[in-house]
Amino acid sequence: MLSKNQVVAVRKAIEQTYDCTCNIIEHQKYQKENKSTAFKDVTVLENEKCKLSFESIAKNSQDDVKANVIQTTKLFITPEIEIKTGSRIDVTNVLGQVISYKSSGKPAIYQTHQEIMLELFERWA
């Protein structure tokens, strides 16, 4: 386990790589005046510094003539933030492009950061 000073130093080094910002949006249930249930998008966090990491993985078997390449996307963000599975994460990259992702599982939380696997957001389930 890292000492408190080491955690601070490592965290600072990791956060210096954060070159994107993100907004976290949850699709929350609410009750309308007529007592029916509906959903609305609620932004729970805005302009949080973060980092995207991409990895290409070749998936092939001996029966395949060509390799299939799958790209995985991982979000690096501070460990105190809670991002619920299925939340929409709008990331503004270094080029100013906004790409919508969804949190695809439970994050890996460390003392210095957390890592969340992402999928492209298509629509709310």
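Details of the structure are given in the entry above.
Okay, so let's go over this structure. None of the values given here were measured: they were computed from a predicted structure. (Residues numbered from 1 in each chain as written. Predicted model: local features only at pLDDT ≥ 70, side-chain atom pairs only at ≥ 80, totals over all residues. Heavy atoms only, no water.)

**Some points on the packing of aromatic side chains**
Inclusion rule: Aromatic rings from Phe, Tyr and Trp, with only the six-membered ring used for Trp, were paired whenever their centres fell within 6.5 Å, and each pair was classed as stacked if the ring planes differed by under 30 degrees, edge-to-face if by over 60, and tilted otherwise. We count a charge as sitting over a ring when the NZ of a lysine or the CZ of an arginine lies within 6 Å of the ring centre and within 35 degrees of the ring normal.
As enumerated under the stated definition, the model contains 0 aromatic pairs in all. Between Lys 40 and the ring centre of Tyr 30, over which it is positioned, the NZ or CZ distance is 5.0 Å. Directly above the ring of Phe 121 sits Arg 88, whose terminal nitrogen or CZ lies 5.6 Å from the centroid.

**Section: the side chain of Thr 112**
Defined as follows: Helical segments are the DSSP runs of H or I of at least four residues, strand segments are the runs of E of at least two, and each set is numbered from the N terminus. Only heavy atoms matter for contacts: two residues are in contact if any of them lie within 4.5 Å across the pair.
Structurally, Thr 112 can be placed in the loop between strand E6 (108-109) and strand E7 (114-120). Ignoring any residue separated from it by four or fewer positions in sequence, one finds Thr 112 in contact with Val 7, Val 10, Arg 11, Ile 14 and Pro 79.

**A closer look at the pattern of salt bridges**
Put simply, the test is: Any Lys or Arg side-chain nitrogen located within 4 Å of an Asp or Glu carboxyl oxygen qualifies as a salt bridge. Three exposure classes are used, based on accessible area relative to the maximum for each residue type with a 1.4 Å probe and protein chains only: buried under 20%, partly exposed in between, and exposed over 50%.
Overall, the coordinates contain 8 salt bridges when judged by the stated rule. Across the pair Arg 88 and Asp 41 runs a salt bridge whose closest N-O atoms are separated by 3.7 Å. Taken as a pair, Arg 88 in strand E4 (residues 88-92) and Asp 41 in strand E2 (residues 37-59) lie far apart in primary sequence, 47 residues in all. Note on Arg 88: relative accessible area 17%, which makes it buried. When salt bridges with common partners are traced through the structure, they connect Arg 11, Glu 15 and Glu 80 into a single cluster.

**Description of the nonpolar core**
Where we set the bar: Throughout this description, the term nonpolar core refers to a set of buried Ala, Val, Leu, Ile, Met, Phe, Trp, Tyr and Cys residues connected via side-chain atoms within 4.5 Å.
Among the nonpolar cores identified, the biggest contains 14 residues, and Leu 75, Ile 77, Ile 83, Ile 89 and Val 91 are the most heavily contacted of them. Looking at this core, the elements that each hand over two or more residues are strand E1 (20-31), E2, strand E3 (68-77), E4 and E7. If one sorts the elements of this core by residue count, E1 sits on top with 3 residues. Ile 83 has contacts with Ile 24, Leu 75, Ile 77, Ile 89, Ser 103 and Ile 116, leaving out every residue within four places of it along the chain.

**Details of unusual backbone geometry**
Across residues other than glycine, the phi torsion is negative in most instances, and most of the peptide bonds are trans. The phi angle at Lys 35 is positive, at roughly 75°, despite the residue not being glycine. Relative to the helices and strands, Lys 35 is located in the loop between E1 and E2. We note that Asn 47 has phi near 50°; this positive angle belongs to a residue other than glycine.

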